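Chain residues, written in single-letter form:
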Amino acid sequence: MAEESKSSLDALSALCKRRGFIYHSSEIYGGMPGFWDYGPLGCELKANVKQAWWQFTVRGREDVAGLDATIIMHPKIWKASGHLDTFADPMTMCKDCKKLMRADQVKDIYADQKKKPQPKVAGSDFFCPYCGGELTEPKPFNLMFKTVVGPIDDPSNVAYLRPETAQAIFAQFLNVTATSRMAVPYGIAQMGKSFRNEVTPRNYTFRSREFEQMELEFFIRPDEAVELQYGHVVTLADNPDLNGPVQDDWGWEVWHKYWVEQRKKFLNAVGLPTEKFVEYWQKPDELAHYARACVDIEYDFPFGRQELEGIAARSDFDLSQHQLHSKVPQTVFDDPLKQACKKLTDDDKAAFIAKTQAEWLDWKQKAASAKAGKEVVFSDEEKADIAAKAKVFCENLFDGKYVPHVIEPSAGVDRLMLALLCEAYEEQKLTDEKGKEDIRTVLHFNPKVAPVKVAIFPLIKKDEAQYKLARDIFTKLQKKVNCQWDVSGAIGRRYRRQDEAGTPWCITVDEQSTKDGTFTVRERDSMEQRRMSYGEFLAMMYEALEF
Ligand code: ATP
């Protein structure tokens, strides 16, 4: 980490502590690595980020329903999802200083050290970044936190704190589908706590052990179903309009790109400029075996370019896994598809099955070759297995039945908050009329997420009329948005206090206010002041807060 970037993160974290955005958890007992608390301004910022996501993803659309599931769920969920067997990071330990760390982060930790140790074993390039000692062979370490449900501490009662919110959505897919009266393509969204026993929590709140996620599982028809129903599948090559209304004949590739664009729109709307994030499209050998595509949206944090959120096309993997493990069918019935298939002749159906078998074989062989780094040709037995599964799949489609595929935009609340704080933070050098230099620390939050929307001051606290009018305005506004009242110190100091909190508008009630009811509105970024009536201010504020 460059010294400069470290210092900007240090300055930001100092402000966050001083102004009540973020504290170490359990600080009076020395803190807990990887656990953070949000103070008065931080919890407002967090609530606004979550509300913005919910508005954009759920309430502002007709095709997404919400869910709020428990953190502890049946342990079989984590068996089915693969988390019990494979949700692990490679861990290593220093044989000398006994420090534990993620094997894939050894180089980054070394880069962070002010005093760089030399390897104790000459010529070794895998050595402890803290003391230069020898490191153990990396071993997988499961990241799930274990707990025991009920009074008996027995392995049969072991459960896990969820490491992601997504699995509850799959586990409740049938219930939500039945009760929301929505049909595929549609999505289920959930926000809430997730827990990962990260080996080395680092970079402030970026990698925490307790954090919140905002996840959407958007269920779509398999491309084969779209083709049977519409006679074609729209792909990116068709140049579809991703800014217009969604279309029923889109294939997975278009839905995936659509959600990447939606996520970018959201990030823009809450205050991250497009030029500050980058799409990283995972390469075929990096993709999970079931994934068709995965894009990480990366942001330039002060400690380097890192994943902010991900958008994955996960095929029907998750619902199929739950179908397999729970023995409860996760298929939907799609009547328009069944009606379309009624028109097919037996020859049409046979041709469709043969085409699907060839496509599945080709896709699976390509994916396996990319993973292996060399051409993989399946055995006859493997080919027969794929052909049999493709046939059953097609026959179900002809009956209007399938397990939906899914596009998963998955974001971290805390990571987005950190990005918004980094983006908003500025130390401005100002020179006043007398040539005196000063530093103004300001958080340029978008008003939609700003913890305090407006601060209200009487210019002269002792002036009864000013005080009363300011207090009336404060009481009225407090019913609408989060406001602050401040009467202490010179007006300039009061503005600076609000600048540090990222408050977009400060209202000052002065003598003229007591005559005509207007007041000055000082805008945070331009520092300009405009005289407005209460009605004019409300209209301007609501416009800025609207999604
Ligand atoms: P990473 O590679 O950084 O560990 P991941 O690819 O494992 O992340 P996902 O499992 O895809 O992350 O989780 C989705 C989102 O949840 C991430 O993009 C991130 O915003 C957030 N997230 C994941 N792990 C953490 C964590 N330990 N602390 C804070 N946020 C996290």
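Being a predicted model, the structure only gives us computed values, none of them experimental.

**Here's the deal with the overall build of the protein chain**
Then comes step 1: Along the protein chain, the regular secondary structure elements total 18 helices and 23 strands.
Then comes step 2: Each of the three principal axes of the protein chain carries a C-alpha extent, and together these read 90 × 70 × 50 Å.
Then comes step 3: Among the 547 residues that make up the protein chain, the fraction classed as buried is 48%.
Then comes step 4: Expressed as a percentage of contacts within the protein chain between residues at least 6 apart in sequence, the contacts between residues at least 24 apart total 65%.

**Focus: the site of the ligand**
Then comes step 1: Taken together, the neighbourhood of the ligand is formed by 14 residues, with Glu198, Arg207, Ser208, Glu307 and Leu308 sitting nearest.
Then comes step 2: Note that a nitrogen atom of the ligand is positioned 2.8 Å from one of the side-chain N or O atoms of glutamate 198.
Then comes step 3: One of the backbone N or O atoms of glycine 412 is found 3.0 Å from an oxygen atom in the ligand.
Then comes step 4: Expressed as a share of its isolated accessible area of 590 Å², the protein-covered part of the ligand is 81%.
Then comes step 5: Sorting the residues of the shell around the ligand by element identifies strand 10 (210-220), strand 13 (304-313) and strand 16 (405-412) as the ones contributing at least two each.
Then comes step 6: Among the residues making up the shell around the ligand, the classes are represented as four nonpolar, four polar and six charged.

**Some remarks on the packing of helix 8 (residues 223-230) against helix 12 (residues 346-372)**
Then comes step 1: Between helix 8 and helix 12, the shortest axis-to-axis distance is 12 Å and the interhelical angle comes to 150°. As summarised for this structure, helix 8 and helix 12 are arranged roughly antiparallel, according to the angle between their axes. When the axes of helix 8 and helix 12 are compared, the crossing they make is right-handed. Here Glu224, Glu227 and Leu228 of helix 8 lie close against helix 12, whose contacting residues are Phe352, Lys355, Thr356 and Trp360.
Then comes step 2: Among the residues making up the contact of helix 8 with helix 12, the classes are represented as three nonpolar, one polar and three charged.

**Some details on the packing of aromatic side chains**
Then comes step 1: Enumeration according to the criterion identifies 29 aromatic pairs in this entry.
Then comes step 2: With centroids separated by 5.1 Å and ring planes inclined at 10°, the aromatic side chains of phenylalanine 301 and phenylalanine 303 adopt a geometry described as stacked. Phenylalanine 303 carries the same exposure label as phenylalanine 301, and that label is buried.
Then comes step 3: Within the aromatic cluster, the residues linked to one another by ring pairs are Phe218, Trp250, Trp255, Tyr258 and Trp259.
Then comes step 4: Taking NZ or CZ as reference, arginine 292 lies 4.2 Å from the ring centre of tryptophan 363, over its face.
Then comes step 5: When the ring centre of phenylalanine 206 is taken as reference, the NZ or CZ atom of arginine 415 above it lies at 3.7 Å.

**A few points about the pattern of salt bridges**
If the charged atoms of two oppositely charged side chains come close together, the side chains can form a pair.
Then comes step 1: This structure, assessed with the given rule, holds 38 salt bridges.
Then comes step 2: A salt bridge links aspartate 334 to arginine 221; the nearest nitrogen and oxygen atoms lie 2.9 Å apart. Residue aspartate 334 is located in the loop between strand 14 (332-333) and helix 11 (335-342), and its partner arginine 221 is located in the loop between strand 10 and helix 8; the two are separated by 113 residues in the primary sequence.
Then comes step 3: With a relative accessible area of 8%, arginine 221 lands in the buried category.
Then comes step 4: With its nearest N and O atoms 2.8 Å apart, the salt bridge here joins aspartate 318 to arginine 314.

**Remarks on the domain arrangement of the protein chain**
Then comes step 1: By the assigned domains, the protein chain splits into domain 1 (1-66 + 163-334 + 403-427), domain 2 (340-399) and domain 3 (452-545).
Then comes step 2: Put simply, the middle of domain 1 and the middle of domain 2, counted by C-alpha atoms, are 31 Å apart.
Then comes step 3: Summed over both sides, the interface of domain 1 with domain 2 buries roughly 1100 Å², with 65% coming from carbon and sulfur.
Then comes step 4: At the junction of domain 1 and domain 2, the tally comes to one salt bridge.
Then comes step 5: The shortest N-O distance in the salt bridge between lysine 355 and glutamate 227 comes to 2.8 Å.
Then comes step 6: The interface formed by domain 1 and domain 2 contains four residue pairs in polar contact (both at pLDDT 80 or more).
Then comes step 7: Tallying contributions element by element places helix 8 first for the side of domain 1 that touches domain 2, with five residues.
Then comes step 8: Partitioned by chemical class, the residues of the side of domain 1 that touches domain 2 number nine nonpolar, two polar and five charged.

Definitions and limits used
Residues numbered from 1 in each chain as written. Predicted model: local features only at pLDDT ≥ 70, side-chain atom pairs only at ≥ 80, totals over all residues. Heavy atoms only, no water. Helix = DSSP H or I, 4+ residues; strand = E, 2+ residues; numbered from the N terminus. Buried < 20%, exposed > 50% of the residue type's maximum accessible area, 1.4 Å probe, protein only. Contact = heavy atoms within 4.5 Å. Near = heavy atom within 4 Å. Polar contact = N/O pair within 3.5 Å; in protein donor to acceptor, adjacent residues only side chain to side chain. Areas by Shrake-Rupley, 256 points an atom, 1.4 Å probe, with all protein chains shown as cover. Nonpolar A, V, L, I, M, F, W, Y, C, P; charged D, E, K, R; others polar. Axes fitted to C-alpha atoms, helices over the stretch in contact; angles between N-to-C directions. Parallel < 35°, antiparallel > 145°, perpendicular 65-115°, else oblique. Left-handed = near helix turned anticlockwise from the far one by under 90°. Phe/Tyr/Trp six-rings, centres within 6.5 Å; stacked < 30°, edge-to-face > 60°. Lys NZ or Arg CZ within 6 Å of the ring centre and 35° of its normal. Salt bridge = Lys/Arg side-chain N within 4 Å of Asp/Glu carboxyl O. Domains from an automatic or database assignment. Buried area = accessible area lost by both parts, 1.4 Å probe.

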